[in-house]
Amino acid sequence: FGIELVREAPVRLALYDVRGRRVMTLFEGLLPAGRSDITWDTLDARGQRLGSGVYFARFETQGAKDAQRVVLVR
């Protein structure tokens, strides 16, 4: 996931299933200004491999929120 910030800011990037349950927090912390890339190893928070399906990556930072649909194909 590529994240572009104008200035340093606290960020949270989490992954949810189609039922709205959080399956993994991919990043939570401070990111610098500019582009940052966050990778996902397709595991859930318990370290188990997730199956094929649709997931949603939710990005939150100061005053901004966004969600992106992610399709995992095995």
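Our subject is the structure that appears above.
Residues numbered from 1 in each chain as written. Predicted model: local features only at pLDDT ≥ 70, side-chain atom pairs only at ≥ 80, totals over all residues. Heavy atoms only, no water.

*Asks:* Where do I start with the sheet that holds strand β5 (residues 53-61) in this structure?
*Replies:* Strands pair in a sheet through their backbones, by hydrogen bonds, and they do so in one of two ways: parallel or antiparallel. In spatial order, the strands read β3-β2-β5-β6; together these four strands make up an open sheet with antiparallel pairing. Unpaired on one side and paired on the other, β3 (22-31) and β6 (64-72) mark the two borders of the sheet. Here the strands of the sheet are splayed against their neighbours by 15° on average, with no regard to which way each runs. Sheet analysis places strand β2 (residues 9-17) next to β3, joined by eight bridges and oriented antiparallel. Bridge pairing in β3 places leucine 13 opposite phenylalanine 27. (Pairing = 2+ DSSP bridges. Helix = DSSP H or I, 4+ residues; strand = E, 2+ residues; numbered from the N terminus. Axes fitted to C-alpha atoms, helices over the stretch in contact; angles between N-to-C directions.)

*Asks:* Is there a simple way to think about the side chain of threonine 42 in this case?
*Replies:* Along the chain, threonine 42 falls in the loop between β4 (34-37) and β5. Overall, the relative accessible area of 16% leaves threonine 42 in the buried class. Of note is the side chain of threonine 42, whose polar atom sits 2.7 Å from the side chain of arginine 74. When sequence neighbours within four positions are dropped, the list of residues in contact with threonine 42 reads Gln48, Arg49, Leu50, Leu72 and Arg74. (Buried < 20%, exposed > 50% of the residue type's maximum accessible area, 1.4 Å probe, protein only. Polar contact = N/O pair within 3.5 Å; in protein donor to acceptor, adjacent residues only side chain to side chain. Contact = heavy atoms within 4.5 Å.)

*Asks:* What am I meant to see in the environment of tryptophan 40 here?
*Replies:* With respect to the helices and strands, tryptophan 40 occurs in the loop between β4 and β5. A sequence separation of 23 residues divides tryptophan 40 from aspartate 17, and the C-alpha atoms of the two residues are 14 Å apart. Beyond its immediate chain neighbours, meaning those up to four positions away, tryptophan 40 contacts Phe1, Leu15, Leu26, Leu50, Tyr55, Val70 and Leu72. A polar contact is formed between the side chain of tryptophan 40 and the backbone oxygen of leucine 43, at a distance of 3.2 Å.

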